[in-house]
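# Analysis of the macromolecular model
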Amino acid sequence: MSRYMSSRFDSLEAYVPGEQPQDMVYVKLNTNESPFPPAPAVLAALQGGEVERLNRYPDPEGRLLRERLAEMYGVEYENVFLANGSDELLSFAFLAFCDRTRPVAYPNISYGFYPVYANLYQIPYTEISLREGFVLDPKDYCGLGKNIVIANPNAPTGRAIPVSDIEEIVRTNLDHVVLVDEAYVDFGGKSCLPLIGKYDNLLVCQTFSKFRSLAGGRLGFALASRGLIEDLEKIKYSTNSYNINRLTTAAALATLDSNSYYVANSRKIQDNRTYTGEKLDALGFETLPSLANFIFTRCSWMEGGALYRALKAKGVLVRHWERAEIRDWCRVTIGTREEMDIFLDRVREIRKEAG
Ligand code: PMP
(Lines give C-alpha, C1' and ligand atoms only; values in the text may rest on other atoms or scores of the structure.)
Protein backbone atom coordinates (compact mmCIF):
# COMPACT_ATOMS: atom_id res chain seq x y z
CA MET A 1 0.00 0.00 0.00
CA SER A 2 1.33 3.48 -0.78
CA ARG A 3 1.30 6.30 1.75
CA TYR A 4 -1.42 7.96 -0.35
CA MET A 5 -4.08 5.29 0.24
CA SER A 6 -6.89 6.45 2.49
CA SER A 7 -6.54 5.06 5.98
CA ARG A 8 -10.17 3.98 5.95
CA PHE A 9 -9.03 0.95 3.96
CA ASP A 10 -6.26 -0.04 6.37
CA SER A 11 -8.08 -3.14 7.55
CA LEU A 12 -9.83 -3.95 4.26
CA GLU A 13 -9.06 -7.45 3.03
CA ALA A 14 -9.71 -7.66 -0.69
CA TYR A 15 -11.45 -10.63 -2.29
CA VAL A 16 -9.07 -13.26 -3.61
CA PRO A 17 -10.45 -14.69 -6.87
CA GLY A 18 -9.76 -18.31 -7.77
CA GLU A 19 -6.59 -18.88 -9.73
CA GLN A 20 -6.87 -18.06 -13.45
CA PRO A 21 -3.74 -19.59 -14.97
CA GLN A 22 -3.20 -18.01 -18.36
CA ASP A 23 -1.38 -20.97 -19.88
CA MET A 24 -4.54 -23.16 -19.62
CA VAL A 25 -2.56 -26.34 -19.01
CA TYR A 26 -4.78 -27.21 -16.04
CA VAL A 27 -8.05 -29.06 -15.89
CA LYS A 28 -9.78 -26.07 -14.42
CA LEU A 29 -12.38 -27.00 -11.81
CA ASN A 30 -11.84 -24.06 -9.46
CA THR A 31 -14.06 -21.10 -10.40
CA ASN A 32 -17.41 -22.62 -11.37
CA GLU A 33 -17.27 -21.58 -15.01
CA SER A 34 -19.07 -23.59 -17.65
CA PRO A 35 -16.74 -26.02 -19.44
CA PHE A 36 -18.79 -25.46 -22.61
CA PRO A 37 -18.05 -22.58 -25.01
CA PRO A 38 -20.72 -20.00 -25.83
CA ALA A 39 -23.32 -21.10 -28.41
CA PRO A 40 -22.34 -20.73 -32.10
CA ALA A 41 -24.79 -17.82 -32.43
CA VAL A 42 -22.78 -15.90 -29.79
CA LEU A 43 -19.58 -16.30 -31.77
CA ALA A 44 -21.42 -15.19 -34.92
CA ALA A 45 -22.89 -12.14 -33.13
CA LEU A 46 -19.41 -11.00 -32.20
CA GLN A 47 -18.37 -10.96 -35.85
CA GLY A 48 -21.21 -8.53 -36.54
CA GLY A 49 -21.42 -4.78 -36.68
CA GLU A 50 -20.89 -4.10 -32.99
CA VAL A 51 -17.11 -4.35 -33.41
CA GLU A 52 -17.27 -1.56 -35.99
CA ARG A 53 -19.32 0.56 -33.62
CA LEU A 54 -16.87 0.34 -30.74
CA ASN A 55 -15.99 4.00 -31.30
CA ARG A 56 -19.47 4.76 -29.88
CA TYR A 57 -20.54 4.34 -26.27
CA PRO A 58 -23.10 1.62 -25.59
CA ASP A 59 -26.72 2.40 -24.66
CA PRO A 60 -26.47 3.32 -20.96
CA GLU A 61 -30.00 2.00 -20.38
CA GLY A 62 -29.25 -1.37 -21.96
CA ARG A 63 -32.70 -1.20 -23.49
CA LEU A 64 -32.59 -4.17 -25.90
CA LEU A 65 -31.20 -6.58 -23.38
CA ARG A 66 -33.48 -5.47 -20.57
CA GLU A 67 -36.48 -5.86 -22.85
CA ARG A 68 -35.43 -9.37 -23.79
CA LEU A 69 -34.82 -10.39 -20.18
CA ALA A 70 -38.14 -8.86 -19.10
CA GLU A 71 -39.95 -10.82 -21.80
CA MET A 72 -38.16 -14.02 -20.93
CA TYR A 73 -38.85 -13.79 -17.20
CA GLY A 74 -42.39 -12.43 -17.54
CA VAL A 75 -41.69 -9.13 -15.79
CA GLU A 76 -41.74 -5.45 -16.84
CA TYR A 77 -38.78 -3.61 -18.28
CA GLU A 78 -38.64 -1.53 -15.07
CA ASN A 79 -38.06 -4.70 -13.04
CA VAL A 80 -34.72 -5.46 -14.72
CA PHE A 81 -31.27 -4.08 -13.94
CA LEU A 82 -27.98 -4.94 -15.69
CA ALA A 83 -24.54 -5.03 -14.14
CA ASN A 84 -20.98 -5.85 -15.08
CA GLY A 85 -21.13 -9.33 -13.56
CA SER A 86 -23.22 -10.07 -10.51
CA ASP A 87 -20.22 -8.97 -8.45
CA GLU A 88 -20.93 -5.40 -9.58
CA LEU A 89 -24.59 -5.96 -8.80
CA LEU A 90 -23.72 -7.03 -5.27
CA SER A 91 -21.44 -4.04 -4.91
CA PHE A 92 -24.22 -1.66 -5.99
CA ALA A 93 -26.75 -3.37 -3.71
CA PHE A 94 -24.51 -3.22 -0.63
CA LEU A 95 -23.85 0.45 -1.37
CA ALA A 96 -27.48 1.30 -2.08
CA PHE A 97 -29.25 -0.47 0.76
CA CYS A 98 -26.80 -0.89 3.64
CA ASP A 99 -25.09 1.53 6.01
CA ARG A 100 -24.32 1.91 9.71
CA THR A 101 -28.02 2.01 10.54
CA ARG A 102 -28.96 -0.68 8.02
CA PRO A 103 -26.61 -3.55 8.73
CA VAL A 104 -26.46 -6.75 6.72
CA ALA A 105 -26.55 -10.44 7.62
CA TYR A 106 -25.64 -13.54 5.63
CA PRO A 107 -24.55 -17.11 6.38
CA ASN A 108 -21.08 -17.62 7.87
CA ILE A 109 -20.21 -20.02 5.07
CA SER A 110 -21.16 -18.36 1.79
CA TYR A 111 -19.77 -16.32 -1.06
CA GLY A 112 -16.53 -14.64 0.01
CA PHE A 113 -17.36 -11.33 -1.59
CA TYR A 114 -20.14 -10.48 0.90
CA PRO A 115 -17.80 -9.57 3.78
CA VAL A 116 -15.51 -7.74 1.35
CA TYR A 117 -18.29 -5.39 0.23
CA ALA A 118 -19.47 -4.96 3.82
CA ASN A 119 -15.95 -3.94 4.83
CA LEU A 120 -15.38 -1.78 1.77
CA TYR A 121 -18.52 0.23 2.49
CA GLN A 122 -18.03 0.05 6.28
CA ILE A 123 -21.32 -1.69 6.87
CA PRO A 124 -21.78 -3.62 10.13
CA TYR A 125 -22.41 -7.28 9.32
CA THR A 126 -23.50 -10.43 11.07
CA GLU A 127 -22.45 -13.85 9.87
CA ILE A 128 -25.15 -16.30 10.88
CA SER A 129 -23.84 -19.83 11.46
CA LEU A 130 -25.19 -22.53 9.25
CA ARG A 131 -26.48 -25.56 11.12
CA GLU A 132 -25.01 -29.07 11.17
CA GLY A 133 -24.05 -30.20 7.66
CA PHE A 134 -23.99 -26.57 6.41
CA VAL A 135 -27.79 -26.45 6.42
CA LEU A 136 -29.45 -23.03 6.40
CA ASP A 137 -32.32 -22.81 8.88
CA PRO A 138 -34.77 -20.12 7.70
CA LYS A 139 -35.82 -19.51 11.31
CA ASP A 140 -32.42 -17.87 11.85
CA TYR A 141 -33.44 -15.13 9.40
CA CYS A 142 -37.15 -14.63 10.06
CA GLY A 143 -37.92 -11.21 11.52
CA LEU A 144 -34.22 -10.47 11.74
CA GLY A 145 -34.52 -6.71 11.31
CA LYS A 146 -31.47 -6.45 9.02
CA ASN A 147 -30.82 -6.59 5.32
CA ILE A 148 -30.19 -10.19 4.33
CA VAL A 149 -28.10 -11.79 1.61
CA ILE A 150 -28.59 -15.46 0.79
CA ALA A 151 -26.99 -17.36 -2.05
CA ASN A 152 -29.46 -20.02 -3.22
CA PRO A 153 -28.01 -22.51 -4.04
CA ASN A 154 -25.30 -21.51 -1.60
CA ALA A 155 -21.61 -21.36 -2.48
CA PRO A 156 -19.39 -23.18 -1.72
CA THR A 157 -21.72 -25.83 -0.29
CA GLY A 158 -24.12 -26.25 -3.26
CA ARG A 159 -27.04 -26.69 -0.87
CA ALA A 160 -30.34 -24.98 -1.69
CA ILE A 161 -33.41 -24.05 0.33
CA PRO A 162 -36.98 -24.16 -1.04
CA VAL A 163 -38.70 -21.04 -2.37
CA SER A 164 -41.21 -21.34 0.49
CA ASP A 165 -38.35 -20.77 2.97
CA ILE A 166 -37.17 -17.74 1.00
CA GLU A 167 -40.72 -16.38 1.03
CA GLU A 168 -40.92 -16.78 4.80
CA ILE A 169 -37.69 -14.81 5.20
CA VAL A 170 -38.83 -12.07 2.79
CA ARG A 171 -42.32 -11.85 4.34
CA THR A 172 -40.98 -11.47 7.88
CA ASN A 173 -38.45 -8.76 6.95
CA LEU A 174 -40.58 -6.33 4.97
CA ASP A 175 -38.65 -3.30 6.22
CA HIS A 176 -35.40 -4.70 4.89
CA VAL A 177 -34.01 -5.85 1.59
CA VAL A 178 -33.59 -9.59 1.08
CA LEU A 179 -31.09 -10.21 -1.70
CA VAL A 180 -31.22 -13.73 -3.12
CA ASP A 181 -28.10 -14.47 -5.11
CA GLU A 182 -29.17 -17.05 -7.70
CA ALA A 183 -25.86 -17.33 -9.55
CA TYR A 184 -26.26 -21.13 -9.58
CA VAL A 185 -30.03 -21.51 -9.90
CA ASP A 186 -30.03 -23.01 -13.40
CA PHE A 187 -28.50 -26.36 -12.47
CA GLY A 188 -31.60 -27.88 -10.92
CA GLY A 189 -32.60 -25.21 -8.38
CA LYS A 190 -35.78 -23.18 -8.24
CA SER A 191 -35.87 -19.41 -8.63
CA CYS A 192 -37.80 -17.21 -6.21
CA LEU A 193 -38.40 -14.74 -9.07
CA PRO A 194 -42.21 -15.27 -9.05
CA LEU A 195 -42.21 -13.59 -5.63
CA ILE A 196 -40.99 -10.19 -6.84
CA GLY A 197 -44.52 -9.14 -7.82
CA LYS A 198 -45.61 -9.78 -4.28
CA TYR A 199 -42.73 -8.35 -2.25
CA ASP A 200 -41.11 -4.95 -2.79
CA ASN A 201 -38.14 -5.92 -0.63
CA LEU A 202 -36.95 -8.92 -2.66
CA LEU A 203 -33.93 -8.50 -4.93
CA VAL A 204 -33.12 -11.50 -7.12
CA CYS A 205 -29.61 -11.54 -8.64
CA GLN A 206 -28.55 -13.75 -11.51
CA THR A 207 -25.59 -13.98 -13.84
CA PHE A 208 -24.56 -15.01 -17.36
CA SER A 209 -21.29 -16.40 -15.96
CA LYS A 210 -22.29 -19.96 -15.13
CA PHE A 211 -25.26 -21.55 -16.94
CA ARG A 212 -24.82 -19.20 -19.92
CA SER A 213 -21.08 -19.77 -20.47
CA LEU A 214 -20.26 -16.06 -20.46
CA ALA A 215 -18.01 -15.52 -17.42
CA GLY A 216 -15.53 -13.62 -19.58
CA GLY A 217 -18.24 -11.27 -20.87
CA ARG A 218 -19.14 -10.04 -17.36
CA LEU A 219 -22.89 -9.72 -17.20
CA GLY A 220 -25.18 -9.98 -14.20
CA PHE A 221 -28.76 -8.87 -13.78
CA ALA A 222 -31.26 -8.17 -11.05
CA LEU A 223 -35.00 -8.71 -11.06
CA ALA A 224 -36.97 -6.79 -8.44
CA SER A 225 -39.67 -4.23 -7.75
CA ARG A 226 -39.43 -0.92 -9.63
CA GLY A 227 -38.34 0.89 -6.46
CA LEU A 228 -35.31 -1.31 -5.82
CA ILE A 229 -34.32 -1.16 -9.49
CA GLU A 230 -34.50 2.65 -9.44
CA ASP A 231 -32.24 2.68 -6.39
CA LEU A 232 -29.69 0.49 -8.16
CA GLU A 233 -29.92 2.77 -11.22
CA LYS A 234 -29.10 5.75 -9.05
CA ILE A 235 -25.94 4.05 -7.81
CA LYS A 236 -25.02 2.88 -11.30
CA TYR A 237 -25.36 6.38 -12.78
CA SER A 238 -23.20 7.64 -9.93
CA THR A 239 -20.51 5.05 -10.62
CA ASN A 240 -20.33 4.06 -14.28
CA SER A 241 -23.24 4.77 -16.62
CA TYR A 242 -21.81 2.59 -19.40
CA ASN A 243 -21.27 -0.51 -17.30
CA ILE A 244 -22.29 -2.99 -20.03
CA ASN A 245 -20.16 -2.88 -23.14
CA ARG A 246 -21.37 -3.35 -26.72
CA LEU A 247 -19.72 -6.73 -27.30
CA THR A 248 -21.16 -8.23 -24.13
CA THR A 249 -24.59 -6.93 -25.07
CA ALA A 250 -24.38 -8.55 -28.52
CA ALA A 251 -23.13 -11.80 -26.98
CA ALA A 252 -25.89 -11.79 -24.36
CA LEU A 253 -28.68 -11.22 -26.89
CA ALA A 254 -27.42 -14.15 -28.96
CA THR A 255 -27.15 -16.20 -25.76
CA LEU A 256 -30.83 -15.64 -25.03
CA ASP A 257 -31.63 -16.84 -28.57
CA SER A 258 -29.82 -20.12 -27.90
CA ASN A 259 -31.52 -21.21 -24.71
CA SER A 260 -31.91 -24.86 -25.65
CA TYR A 261 -28.13 -25.19 -26.11
CA TYR A 262 -27.56 -23.99 -22.54
CA VAL A 263 -30.35 -26.14 -21.13
CA ALA A 264 -28.75 -29.19 -22.76
CA ASN A 265 -25.36 -28.23 -21.29
CA SER A 266 -26.90 -27.82 -17.86
CA ARG A 267 -28.35 -31.32 -18.12
CA LYS A 268 -24.91 -32.69 -18.94
CA ILE A 269 -23.44 -30.87 -15.95
CA GLN A 270 -26.15 -32.24 -13.66
CA ASP A 271 -25.47 -35.78 -14.96
CA ASN A 272 -21.73 -35.29 -14.43
CA ARG A 273 -22.43 -33.99 -10.93
CA THR A 274 -24.27 -37.21 -10.04
CA TYR A 275 -21.60 -39.33 -11.74
CA THR A 276 -18.73 -37.58 -9.93
CA GLY A 277 -20.49 -37.77 -6.55
CA GLU A 278 -21.06 -41.52 -6.95
CA LYS A 279 -17.47 -42.19 -7.98
CA LEU A 280 -16.20 -40.11 -5.05
CA ASP A 281 -18.41 -42.09 -2.64
CA ALA A 282 -16.54 -45.20 -3.68
CA LEU A 283 -13.22 -43.43 -2.99
CA GLY A 284 -14.01 -42.58 0.63
CA PHE A 285 -15.42 -39.09 0.08
CA GLU A 286 -18.40 -37.40 1.67
CA THR A 287 -20.11 -35.03 -0.76
CA LEU A 288 -22.90 -32.60 0.11
CA PRO A 289 -26.06 -32.73 -1.99
CA SER A 290 -25.61 -30.01 -4.63
CA LEU A 291 -27.97 -28.15 -6.92
CA ALA A 292 -25.13 -26.08 -8.36
CA ASN A 293 -22.44 -26.66 -11.00
CA PHE A 294 -19.97 -27.68 -8.30
CA ILE A 295 -19.77 -30.06 -5.39
CA PHE A 296 -18.35 -29.59 -1.91
CA THR A 297 -16.56 -32.73 -0.84
CA ARG A 298 -14.10 -34.10 1.71
CA CYS A 299 -12.28 -37.37 2.08
CA SER A 300 -11.49 -39.49 5.08
CA TRP A 301 -7.86 -40.04 4.13
CA MET A 302 -6.42 -36.60 3.35
CA GLU A 303 -6.85 -33.06 4.63
CA GLY A 304 -8.46 -30.64 2.12
CA GLY A 305 -5.40 -28.41 1.61
CA ALA A 306 -3.16 -31.40 0.95
CA LEU A 307 -5.62 -32.78 -1.59
CA TYR A 308 -5.86 -29.40 -3.32
CA ARG A 309 -2.04 -29.21 -3.58
CA ALA A 310 -1.67 -32.80 -4.73
CA LEU A 311 -4.30 -32.27 -7.43
CA LYS A 312 -2.67 -29.04 -8.54
CA ALA A 313 0.70 -30.80 -8.84
CA LYS A 314 -1.07 -33.24 -11.17
CA GLY A 315 -2.62 -30.50 -13.30
CA VAL A 316 -6.12 -30.30 -11.77
CA LEU A 317 -7.24 -27.09 -10.08
CA VAL A 318 -9.98 -27.18 -7.44
CA ARG A 319 -10.79 -24.62 -4.71
CA HIS A 320 -9.83 -24.89 -1.05
CA TRP A 321 -10.12 -22.39 1.81
CA GLU A 322 -7.87 -22.33 4.87
CA ARG A 323 -10.69 -21.62 7.23
CA ALA A 324 -11.41 -23.72 10.31
CA GLU A 325 -15.02 -24.68 9.53
CA ILE A 326 -14.30 -25.82 5.96
CA ARG A 327 -10.62 -26.73 6.06
CA ASP A 328 -11.36 -30.41 5.37
CA TRP A 329 -13.37 -29.65 2.25
CA CYS A 330 -12.67 -28.87 -1.40
CA ARG A 331 -15.05 -27.32 -3.89
CA VAL A 332 -14.90 -29.00 -7.28
CA THR A 333 -16.53 -27.39 -10.31
CA ILE A 334 -18.35 -29.85 -12.53
CA GLY A 335 -16.77 -29.93 -15.97
CA THR A 336 -17.19 -32.20 -18.97
CA ARG A 337 -17.29 -35.98 -18.46
CA GLU A 338 -13.69 -36.17 -19.75
CA GLU A 339 -12.53 -33.55 -17.24
CA MET A 340 -14.29 -35.32 -14.38
CA ASP A 341 -12.67 -38.62 -15.39
CA ILE A 342 -9.24 -36.96 -15.33
CA PHE A 343 -10.06 -35.49 -11.90
CA LEU A 344 -11.19 -38.89 -10.59
CA ASP A 345 -8.11 -40.64 -12.02
CA ARG A 346 -5.84 -38.13 -10.30
CA VAL A 347 -7.72 -38.62 -7.02
CA ARG A 348 -7.21 -42.40 -7.33
CA GLU A 349 -3.47 -41.88 -7.93
CA ILE A 350 -3.19 -39.57 -4.94
CA ARG A 351 -5.01 -42.07 -2.77
CA LYS A 352 -2.64 -44.84 -3.84
CA GLU A 353 0.39 -42.64 -3.23
CA ALA A 354 -0.96 -41.65 0.18
CA GLY A 355 -1.04 -45.37 1.04
N1 PMP B 1 -22.49 -14.90 -6.49
C2 PMP B 1 -21.95 -16.10 -6.20
C3 PMP B 1 -22.58 -16.92 -5.13
C4 PMP B 1 -20.81 -16.54 -6.89
O5 PMP B 1 -20.24 -17.71 -6.57
C6 PMP B 1 -20.27 -15.74 -7.90
C7 PMP B 1 -19.10 -16.22 -8.74
N8 PMP B 1 -17.89 -16.24 -8.17
C9 PMP B 1 -20.84 -14.49 -8.14
C10 PMP B 1 -21.96 -14.12 -7.43
C11 PMP B 1 -20.26 -13.52 -9.13
O12 PMP B 1 -20.37 -13.96 -10.41
P13 PMP B 1 -20.23 -12.95 -11.65
O14 PMP B 1 -19.67 -11.65 -11.13
O15 PMP B 1 -19.31 -13.64 -12.59
O16 PMP B 1 -21.61 -12.78 -12.18
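Preceding this section is the structure that the text describes.
First things first, this report covers the structure right here in the doc. (Residues numbered from 1 in each chain as written. Predicted model: local features only at pLDDT ≥ 70, side-chain atom pairs only at ≥ 80, totals over all residues. Heavy atoms only, no water.)

### Notes on the environment of N245
As for its position among the elements, N245 is in the loop between α6 (226–236) and α7 (246–257). Note: C-alpha distance between N245 and R218 (27 residues apart in sequence) is 9.3 Å. Among the polar contacts made by the side chain of N245, one reaches the main-chain amide nitrogen of L247 at a distance of 2.9 Å. Of note is the side chain of N245, whose polar atom sits 2.8 Å from the backbone nitrogen of T248. (Helix = DSSP H or I, 4+ residues; strand = E, 2+ residues; numbered from the N terminus. Polar contact = N/O pair within 3.5 Å; in protein donor to acceptor, adjacent residues only side chain to side chain.)

### What about the site of the ligand?
Neighbouring the ligand are the residues G85, S86, D87, Y111, D181, A183, Y184, T207, S209, K210 and R218. Contact between the ligand and S86: an oxygen atom at 2.7 Å from a side-chain N or O atom of the residue. A distance of 2.6 Å is found between an oxygen atom of the ligand and a side-chain nitrogen or oxygen belonging to T207. In isolation the ligand has 400 Å² of accessible area, and contact with the protein removes 91% of it. Judged by the fraction of its atoms near the pocket grid, the ligand is located in the second largest pocket. (Near = heavy atom within 4 Å. Areas by Shrake-Rupley, 256 points an atom, 1.4 Å probe, with all protein chains shown as cover. 1 Å grid on protein atoms, 1.4 Å probe; cavity = no way out; pocket = protein on both sides within 12 Å on 5 of 7 lines; lining within 4 Å. Sits in = over half its atoms within 2 Å of the grid points.)

### Comments concerning the sheet that holds strand β3 (residues 104–107)
By way of backbone hydrogen bonds, the strands of a sheet pair with one another, either parallel or antiparallel. On the basis of which strands lie adjacent, the open sheet formed by seven strands has the order β2-β8-β7-β6-β5-β3-β4 and mixed pairing. In this open sheet, the two edge strands, each paired with only one partner strand, are β2 (80–83) and β4 (125–128). Between one strand and the next, the sheet's axes are offset by a mean angle of 20 degrees, whatever the strand orientation. As defined by bridge partners, β2 adjoins strand β8 (residues 220–224) across four bridges and the pair is classed as antiparallel. When the sheet's bridge partners are listed, A83 is paired in β8 with G220. Across the sheet, helix α3 (residues 85–97) lies against β2, β3, β5 (147–151), β6 (178–181), β7 (202–207) and β8, angled at about 160 degrees from β7, the strand it touches most. Sheet strands touched by helix α4 (residues 113–120): β3, β4, β5 and β6. Its angle to β4, the strand with the most contacts, is close to 165 degrees. (Pairing = 2+ DSSP bridges. Axes fitted to C-alpha atoms, helices over the stretch in contact; angles between N-to-C directions. Contact = heavy atoms within 4.5 Å.)

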